[in-house]
Amino acid sequence: MRRPWYGYLLVLSLIFLGVYLWRLEVFEPVPLRSTPALIAAFGMVLAGFLLQSFAWQVTLRPTAYRSSYALCLAGSGLSAFTRYIPGKVFSVLGRAVYVAEQKGAPRSDLSMLSLTAQLVSIWAGIGLGALGLLASGAMVAWGGTVAVGWLVLTVLIFTDSAHGTAERAGSLLLRREIDFPRLRFGAVLGVAGGFAAMWATWGAGFSLLAVAIFGQDVPVWTGFVFPLATTLGIVAVFAPGGLGIREGAMVALLVAIGMPTTAAVTLSVYARIWFLAGEAGVFLLGLLAARAVRHSSSGTPTD
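This text gives an overview of the structure that appears in the document. (Residues numbered from 1 in each chain as written. Predicted model: local features only at pLDDT ≥ 70, side-chain atom pairs only at ≥ 80, totals over all residues. Heavy atoms only, no water.)

### Remarks on the pattern of salt bridges
Then step 1. Inspection of the entire model under this criterion finds four salt bridges.
Then step 2. Between R83 and E279 there is a salt bridge, with its nearest N and O atoms 2.3 Å apart. Note that R83 is positioned in the loop between α3 (69-78) and α4 (89-103) and E279 in helix α11 (residues 261-298), a separation of 196 residues in sequence.
Then step 3. Classification of R83 by relative accessible area gives partly exposed; the value is 28%.
Then step 4. For E279, a relative accessible area of 1% translates into the label buried.
Then step 5. A salt bridge links E101 to R107; the nearest nitrogen and oxygen atoms lie 3.7 Å apart.
Then step 6. For R107, a relative accessible area of 14% puts it in the buried group. (Salt bridge = Lys/Arg side-chain N within 4 Å of Asp/Glu carboxyl O. Helix = DSSP H or I, 4+ residues; strand = E, 2+ residues; numbered from the N terminus. Buried < 20%, exposed > 50% of the residue type's maximum accessible area, 1.4 Å probe, protein only.)

So this is what it looks like as structure tokens:
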């Protein structure tokens with residue numbers, strides 16, 4: 001019998017979430033300008049997480065591990081806090097291990113599919129954010145680096161080279177032939193569409209958060225900052241102390257589109273709480289989805 005890893009991973013994620021909250025800097029609240037905008041911002045961040053689960057389901061759809069939305073929501077929701085574990089690899093493994101254990105499938109196959117989904121997510125986020133900021137004229141200093149990174153991801157996602165390298169590395173480590181599942185070009189585009197919708201929703205929520213804090217006087221390109229800054233944070237394997245990679249990039253990009261530095265720092269701090277609230281919301285939905293999955297597999301009707 002295979003050892004169930006997911007329970008250990010879940011506990012580990014909650015421990016590191018506690019460490020993160022304990023180290024979280026205390027800040028003085030600012031008066032809100034728009035409560036409706038704040039409520040809408042929280043609705044959008046949660047909707048983005050639901051779209052993330054949908055994109056994971058789309059990733060699995062053309063494979064032998066096709067899964068229900070409830071199963072994908074359970075895996076993604078319960079793994080929401082794995083990003084606080086240093087190294088970021090656990091945010092890729094979490095949903096994969098959950099689905100693998102529920103379906104009795106190889107963890108290696110699901111992990112490779114989850115890694116593919118993560119690369120497509122980063123690719124879509126960089127593309128969406130860069131296009132908006134390019135239109136704003138704020139990409140002059142960032143354009144070359146972002147373009148190179150996006151092109152490298154394009155090669156990794158849409159060619160067989162990355163899969164071949166991973167298979168050779170796996171074969172050397174395990175001393176047996178490894179054949180990871182692959183997504184066809186059309187399937188990858190479908191996954192990219194799901195993640196693009198996720199980033200667009202989070203970007204809209206980020207803009208609404210800015211409106212809630214500062215009123216209507218926010219740069220029109222604010223929503224494009226969040227996808228680009230967040231993907232840069234994901235790419236950074238180990239984030240240093242202070243504001244962190246995502247928040248540092250967020251401040252720099254917000255200043256580049258015309259937001260005052262003080263306001264940009266304030267928004268980046270509040271974005272932490274906003275996104276953490278979305279993670280907490282999808283975690284609770286993941287618990288409910290996991291309960292539904294258990295009842296469905298046991299044949300017991302849910303209430």
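### Examining helix α1 (residues 6-23)
Then step 1. End to end, α1 covers 26 Å across 18 residues, agreeing with the expected 26 Å (1.5 Å per residue, within 8%).
Then step 2. When α1 is considered as a whole, its buried residues turn out to be Y6, L9, S13 and L17. With its buried residues spanning 75 degrees around the axis, α1 presents them on a single face. Residues Y8, W22 and R23 are exposed on α1 and point more than 90 degrees away from its buried face. (Expected span 1.5 Å × (residues − 1). Arc of directions from axis to C-beta.)

### Details of the side chain of R246
Then step 1. The residue R246 is located in helix α10 (residues 244-256) in this model.
Then step 2. Within the structure, R246 has its side chain in polar contact with the side chain of E247 (distance 3.4 Å).
Then step 3. Residue contacts for R246: discarding those within four places in its chain leaves R83, F226, A229, T230, G233, R272 and F275. (Polar contact = N/O pair within 3.5 Å; in protein donor to acceptor, adjacent residues only side chain to side chain. Contact = heavy atoms within 4.5 Å.)

### Some words on the side chain of T230
Then step 1. Examined against the element boundaries, T230 turns out to sit in helix α9 (residues 222-235).
Then step 2. Excluding anything up to four places from it in sequence, T230 contacts W199 and R246.

### Focus: the packing of helix α2 (residues 35-60) against α3
Then step 1. The contact between α2 and α3 brings their axes to 9 Å, and the two run at 120 degrees. Considered as vectors, α2 and α3 are oriented oblique to each other. Handedness of the crossing formed by α2 with α3: right-handed. Contacts between α2 and α3 pair L50, S53, F54, W56, Q57 and L60 from the former with Y69, C72, L73 and S76 from the latter.
Then step 2. The class makeup of the residues in the contact of α2 with α3 is seven nonpolar, three polar and no charged. (Axes fitted to C-alpha atoms, helices over the stretch in contact; angles between N-to-C directions. Parallel < 35°, antiparallel > 145°, perpendicular 65-115°, else oblique. Left-handed = near helix turned anticlockwise from the far one by under 90°. Nonpolar A, V, L, I, M, F, W, Y, C, P; charged D, E, K, R; others polar.)

### Concerning the nonpolar core
Then step 1. With 79 residues, the main nonpolar core has L110, F206, L209, L254 and W274 as its most contacted residues.
Then step 2. Ignoring anything within four residues of it in the chain, the contact list for L209 reads L38, A41, L267, Y270, A271 and W274. (Core = buried A, V, L, I, M, F, W, Y, C linked by side-chain atoms within 4.5 Å.)

### A word on the packing of aromatic side chains
Then step 1. Counted under the stated rule, the structure contains 14 aromatic pairs.
Then step 2. Look at F49 and W202: their rings are 4.9 Å apart centre to centre, the planes differ by 70 degrees, and that puts the pair in the edge-to-face class. You can see F49 sitting in helix α2 and its partner W202 sitting in helix α8 (residues 185-214), a full 153 residues away along the chain. Neither residue differs from the other here; F49 and W202 are each classed as buried.
Then step 3. Aromatic side chains F226 and W274 sit 5.3 Å apart centroid to centroid with 80 degrees between the ring planes, which places their arrangement in the edge-to-face category. Of the two residues, F226 sits in helix α9 while W274 sits in helix α11, which places them 48 residues apart along the sequence. With respect to burial, F226 and W274 carry one shared label: buried.
Then step 4. Among the aromatic residues, those joined into a ring-pair cluster are F49, W199, W202, F206, F226, W274 and F275.
Then step 5. Cation over ring: R95 sits above W56, and NZ or CZ is 5.0 Å from the ring centre. (Phe/Tyr/Trp six-rings, centres within 6.5 Å; stacked < 30°, edge-to-face > 60°. Lys NZ or Arg CZ within 6 Å of the ring centre and 35° of its normal.)

### Details of a nonpolar patch on the surface
Then step 1. On the surface, V11, I15 and V19 cluster together to form a nonpolar patch covering roughly 240 Å² of accessible area.
Then step 2. Tracing the backbone shows V19 in helix α1.
Then step 3. Judged by relative accessible area, which is 35%, V19 ranks as partly exposed. (Patch = residues over 30% accessible without salt bridge, like charges linked within 9 Å, V, L, I, M, F, W, Y side chains within 5 Å. Areas by Shrake-Rupley, 256 points an atom, 1.4 Å probe, with all protein chains shown as cover.)

All quantities given are derived from atomic positions and should not be read as evidence of function.
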